[in-house]
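An overview of the molecular structure
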Amino acid sequence: MRRTDANGWLKVTHVLDGGIAQAAGLSPGDLLASMDGQRITSARWDKVLASLSENTQIHITFYRDGLEHERIIALQSAHVPMQYELTPKKDVYAKLKALFSKDDIPNDWRELFGGFFEAMEWQSLEKNLQNVLNENISLVRPEPQHFFKALKLCPVQSVKIVILGQDPYHSPALAQGLAFSIPPNIAVNSREFPSSLRNISKALAIEGFGSLPNGDLHHWAEQGVLLLNTALSVKLGEAGSHTNLGWKGVTDHLISTLAKQRPHLVWMLWGRHAQSNLPLIEDGLGQCVLQSSHPSGLGVYKTNKPFLESGDKASCAHFTKANQWLIEHQSTPIQWVNAPQSDLFS
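Basis of the calculations
- Residues numbered from 1 in each chain as written.
- Predicted model: local features only at pLDDT ≥ 70, side-chain atom pairs only at ≥ 80, totals over all residues.
- Heavy atoms only, no water.
- Helix = DSSP H or I, 4+ residues; strand = E, 2+ residues; numbered from the N terminus.
- Expected span 1.5 Å × (residues − 1).
- Buried < 20%, exposed > 50% of the residue type's maximum accessible area, 1.4 Å probe, protein only.
- Arc of directions from axis to C-beta.
- Contact = heavy atoms within 4.5 Å.
- Pairing = 2+ DSSP bridges.
- Axes fitted to C-alpha atoms, helices over the stretch in contact; angles between N-to-C directions.
- Phe/Tyr/Trp six-rings, centres within 6.5 Å; stacked < 30°, edge-to-face > 60°.
- Salt bridge = Lys/Arg side-chain N within 4 Å of Asp/Glu carboxyl O.

**Describing helix α5 (residues 120-136)**
- In this model, α5 (17 residues) spans 25 Å end to end at C-alpha, consistent with the 24 Å of a helix rising 1.5 Å per residue.
- For α5, the set of buried residues is Trp 122, Leu 125, Leu 129 and Leu 133. The buried side chains of α5 occupy one side of the element, clustering within an arc of 60° when seen end-on. With respect to the buried face of α5, the exposed residues turned more than 90 degrees away are Met 120, Lys 127, Asn 134 and Glu 135.
- At its buried positions, α5 is contacted by β8 (140-141) and α9 (247-261).

Right under this line is the structure:
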């Protein structure tokens, strides 16, 4: 019934599933990307649909003709599908009780935060961000349900490597809630493809892992790479616009506590902003810190620790060094570049 494309997304070939796929607005040829903020696999799709009961709601993200769409579907009694259209996306939030809450953070990460949610830093962020969302939610990236995607995809006990970014992409249709990651439909040779990802792909190729087939880094997060921005939201078109809302206190606490509670992590600090967090990491037990210039633009070649050598002759070798560290500490190395997937669901 469903096949995968080369990137592993589920492709709808028939609108079946007792009408549920149809209720979600899916058509043959659509690529299913996520469900409730989690990347979709065939097993997950089938399992969730089988477990749906009256008034259950699920959030579906899918791609059609290269554009992202979102739906929220619910089941009435007798499993009769009921569709809610989420275009424009801001319409959905009128149906939700809260836009921003600590309840969006997975339980294991909430435990790591401890009593932080009672602190003024969290309460200030909560108030400031809620005001921004109330003013014009359509200008906020990523969508609120994706603010904590990095934590949802990478449980505390699964973290092996932390890559720190600054804030989400502020260009349309790029921010996913994962530092550096973008949707797989953005062509590698397009103007929209960020220079940082292009240079990350170059480094991977130089180190012998191969080039990234696209800019989607979900498979990193699912292997234990925490792709964490130090601000988890941004205003569309304005880089750094939400850094003054209070995110720094939250991510500072997360970084410091994680370094103290999880020994032998690898931290990739690219550029001055990421490296400013070094004091938060140094008190941790047996942490491996890798530093270089930022991979974006011309800065990739600057400083005495360049991400890439001039002429792309060599890289900082961070991906190789990280895997070597993991192996030395009895942990499975990261598969940085996914091998092309064959058509598994014929």
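**Considering unusual backbone geometry**
- Here the amide bond leading from Arg 141 into Pro 142 is cis, since omega sits at -10°, within 30 degrees of zero.
- Relative to the helices and strands, Pro 142 resides in the loop between β8 and α6 (149-153).
- Positive phi, normally seen in glycine, also occurs at Asp 312, with a value near 55°.
- Look at Asp 312 and you get partly exposed, because its relative accessible area is 26%.

**Some details on the sheet that holds strand β13 (residues 288-292)**
- Reading across from one edge, β10-β9-β12-β13 is the order of the 4 strands in this open sheet, with parallel pairing throughout. Both outer strands of the open sheet, β10 (225-229) and β13, are each paired with one neighbouring strand and no more. Between one strand axis and the next, the sheet turns by 20° as a mean value, whatever way the strands run.
- Across 5 bridges, strand β12 (residues 266-270) lies against β13 in parallel orientation. Within β13, the residue paired with Trp 267 across the bridge is Val 289.
- α9 contacts β9 (161-165), β10 and β12 of the sheet and is inclined by roughly 155° relative to β10.

**So, the packing of aromatic side chains**
- This model, assessed by the stated rule, comprises 11 aromatic pairs.
- Between Phe 319 and Trp 336 the ring centres are 4.9 Å apart and the planes differ by 70°, which places this aromatic pair in the edge-to-face class. Linking Phe 319 in helix α12 (residues 318-328) with Trp 336 in the segment after α12, this pair joins segments that are 17 residues apart in sequence.
- We classify Phe 319 as buried; its relative accessible area is 0%.

**A few points about the pattern of salt bridges**
- Under the definition given, this model contains 3 salt bridges.
- In this structure, Asp 312 engages Lys 202 in a salt bridge whose closest nitrogen and oxygen atoms are separated by 3.2 Å. Residue Asp 312 is located in the loop between β13 and α12, and its partner Lys 202 is located in helix α7 (residues 195-206); the two are separated by 110 residues in the primary sequence.
- Measuring nitrogen to oxygen at the nearest pair gives 3.1 Å for the salt bridge that ties Lys 248 to Asp 252. With a gap of 4 residues between them, Lys 248 and Asp 252 both fall in helix α9, about one helical turn apart.

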